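Listed below, chain by chain, are the residues.
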Amino acid sequence: MIVQFLVRLMDAQDGWVKPFGTWAHGLLNRLFSWTPAVRDLLVGRWLGHPVHAVLTDAPIGILFLVIVLDVVGQPVAAEITLVVGILSALAAALAGMADYADTDGKPRDRATLHGTLMLSATGLYVVSLVLRLASDTASAPAIGLSVVAFLVLSAGAYVGGDVVYVFGNMVNHHAFRGAGTKWIALEPAETTDDGAIPEGRPIKAKLGINTLVLVREGERILALHDTCAHAGGSLSGGQLAEGVIECPLHFSRFRMADGHVVRGPSVYDQPAYEVRAREGGGWEARRR
Ligand code: FES
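Now for a quick tour of the structure. (Residues numbered from 1 in each chain as written. Predicted model: local features only at pLDDT ≥ 70, side-chain atom pairs only at ≥ 80, totals over all residues.)

### Re the overall build of the protein
Here is step 1: In terms of regular secondary structure, the protein is built from 8 helices and 10 strands.
Here is step 2: Compactness check: the protein gives a C-alpha radius of gyration of 24 Å against a globular reference of 19 Å for 288 residues, more than 25% above the reference.
Here is step 3: Referenced to the eigenvectors of the C-alpha coordinate spread, the extents of the protein come out at roughly 85 × 35 × 35 Å.
Here is step 4: The 288 residues of the protein split such that 39% are buried. (Helix = DSSP H or I, 4+ residues; strand = E, 2+ residues; numbered from the N terminus. Rg over C-alpha atoms; globule rule 2.2 N^0.38 Å. Buried ≥ 20, exposed ≤ 12 C-beta atoms within 10 Å, placed from the backbone.)

See below:
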């Protein structure tokens, strides 16, 4: 019941969320596509895990402490905590913007609402800090503002949870894929007249219920899962250069030899498969 009410409330914001999201996404997408190293640092490719998820816990905990310190009458400690909380919120916002730059559709709408709430809360905290610094003791408006800001922050955190847990943004698209050690017959979508896999370009192939992308290098056949770990793009539609395949959707790059992600926005490696010739002809494969 309550969740239906909240979903309706969030959807009711689409009138301003969609145009604002189109503008904000366009801006951030351009910015981060010019600075892929910065984007990779902020999304967490180096960590193999989204950095935003790690950073968001800090401001929420720290800024809750501001309320506690106000209640027990510790204005100086509250001010210091507020400064640390605002700085940690800005760090989390930076990482969040890098994630946001490669969202689409409904996840982007929710992420727009989430980001707007979080930045609004941070703005209210800044005003509260200014009011506190302007007087010797924390005034009632300053304390009241930080309480209101925490409510906005909590609403933003709820919407952020929706972005990840309901819409699966930045969730590994292979989270539930089993490893499996069984060799299974591989069925390439294309073969040459003499029955070989075409060389030097990505070829789609079926492996049981999975779809793979193959690249043949002489006698060696390299194989990755075709579904991009970032947001489900089809790697077989991407460009191949120097043993690295680029997803056509948001341009993550994966090493064909082992699936290692060499450029974001994916922070996850791609499942890799070993391929061998099958007795009696054809090929078979299994996950590494
Ligand atoms: S789906 Fe986003 S980079 Fe592949």
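### Things to note about the sheet that holds strand β2 (residues 203–207)
Here is step 1: Read around the barrel, 6 strands follow the order β1-β2-β3-β4-β9-β10 and close on themselves; strand pairing throughout is antiparallel. When strand polarity is set aside, the average angle formed by the axes of neighbouring strands in this sheet is 40°.
Here is step 2: As paired elements, strand β9 (residues 272–277) and strand β10 (residues 283–287) share 5 bridges and run antiparallel to each other. By the bridge assignment for β10, R276 is matched with E284. (Pairing = 2+ DSSP bridges. Axes fitted to C-alpha atoms, helices over the stretch in contact; angles between N-to-C directions.)

### Side note on the pairing of strand β3 (residues 210–217)
Here is step 1: Bridge count for β2 against β3 is 5 bridges, and the pairing is antiparallel. Looking across to β3, one finds that K204 is bridged to V213.
Here is step 2: Where β2 folds back on β3, the antiparallel hairpin that results is connected by 2 residues, among which G208 adopts a positive phi of roughly 60°.
Here is step 3: Pairing analysis gives 6 bridges linking β3 to strand β4 (residues 220–225), with the strands arranged antiparallel. The partner of E217 across the bridge, within β4, is R220.

### Quick word on the pairing of β2
Here is step 1: Of the two faces of β2, only one is covered, namely that formed by I203, A205 and L207; the face formed by K204 and K206 stays uncovered.
Here is step 2: Bridge count for strand β1 (residues 184–188) against β2 is 3 bridges, and the pairing is antiparallel. Looking at β2, one finds that P188 is bridged to A205.

### Considering the environment of G237
Here is step 1: Tracing the backbone through its elements, the reader meets G237 in the loop between β4 and β5 (239–241).
Here is step 2: On the basis of neighbour count, G237 is assigned to the partly exposed category, with 15 C-beta atoms found within 10 Å.
Here is step 3: Along the primary structure G237 and K206 are separated by 31 residues, whereas in three dimensions their C-alpha atoms are 15 Å apart.

### What to know about the environment of R30
Here is step 1: Within the secondary structure layout, R30 lies in helix α2 (residues 14–34).
Here is step 2: Given 10 C-beta atoms within 10 Å, R30 falls into the exposed group.
Here is step 3: Sequence separation between R30 and A101 is 71 residues; the distance between their C-alpha atoms is 8.2 Å.

### Some remarks on unusual backbone geometry
Here is step 1: Cis geometry marks the peptide bond from G264 to P265; its omega dihedral reads 20°.
Here is step 2: Within the secondary structure, P265 sits in the loop between β8 (261–263) and β9.
Here is step 3: If you check the backbone angles, M170 has positive phi at about 65° while not being a glycine.
Here is step 4: Position of M170 among the secondary structure elements: in the loop between α8 (140–166) and β1.
Here is step 5: Unlike most non-glycine residues, E242 shows phi in positive territory, near 50°.
Here is step 6: Along the polypeptide, E242 turns up in the loop between β5 and β6 (244–246).
Here is step 7: The exposure class of E242 is exposed, given the 6 C-beta atoms found within 10 Å.

### Digging into the packing of helix α3 (residues 36–43) against helix α6 (residues 75–100)
Here is step 1: At a minimum axis distance of 8 Å, the contact between α3 and α6 shows a crossing angle of 115°. One finds that α3 runs roughly perpendicular with respect to α6. Here the hand of the crossing between α3 and α6 comes out left-handed. On α6, the residues that touch R39, L42 and V43 of α3 are L94, A95, A98 and D99.
Here is step 2: Here the contact of α3 with α6 is built from residues that sort into 5 nonpolar, no polar and 2 charged. (Parallel < 35°, antiparallel > 145°, perpendicular 65-115°, else oblique. Left-handed = near helix turned anticlockwise from the far one by under 90°. Contact = placed C-beta atoms within 7 Å. Nonpolar A, V, L, I, M, F, W, Y, C, P; charged D, E, K, R; others polar.)

### Things to note about the nonpolar core
Here is step 1: Ranked by size, the top nonpolar core spans 60 residues in total, and within it L212, L214, A223 and L224 carry the most contacts.
Here is step 2: The element best represented in this core is α6, accounting for 9 residues.
Here is step 3: Structurally, this core is a two-domain feature, drawing no fewer than three residues from each of domain 1 (2–166) and domain 2 (184–287).
Here is step 4: Apart from the residues within four sequence positions on either side, A223 is in contact with L212, L214, A272, Y273, V275 and A285. (Core = buried A, V, L, I, M, F, W, Y, C linked by C-beta atoms within 7 Å. Domains from an automatic or database assignment.)

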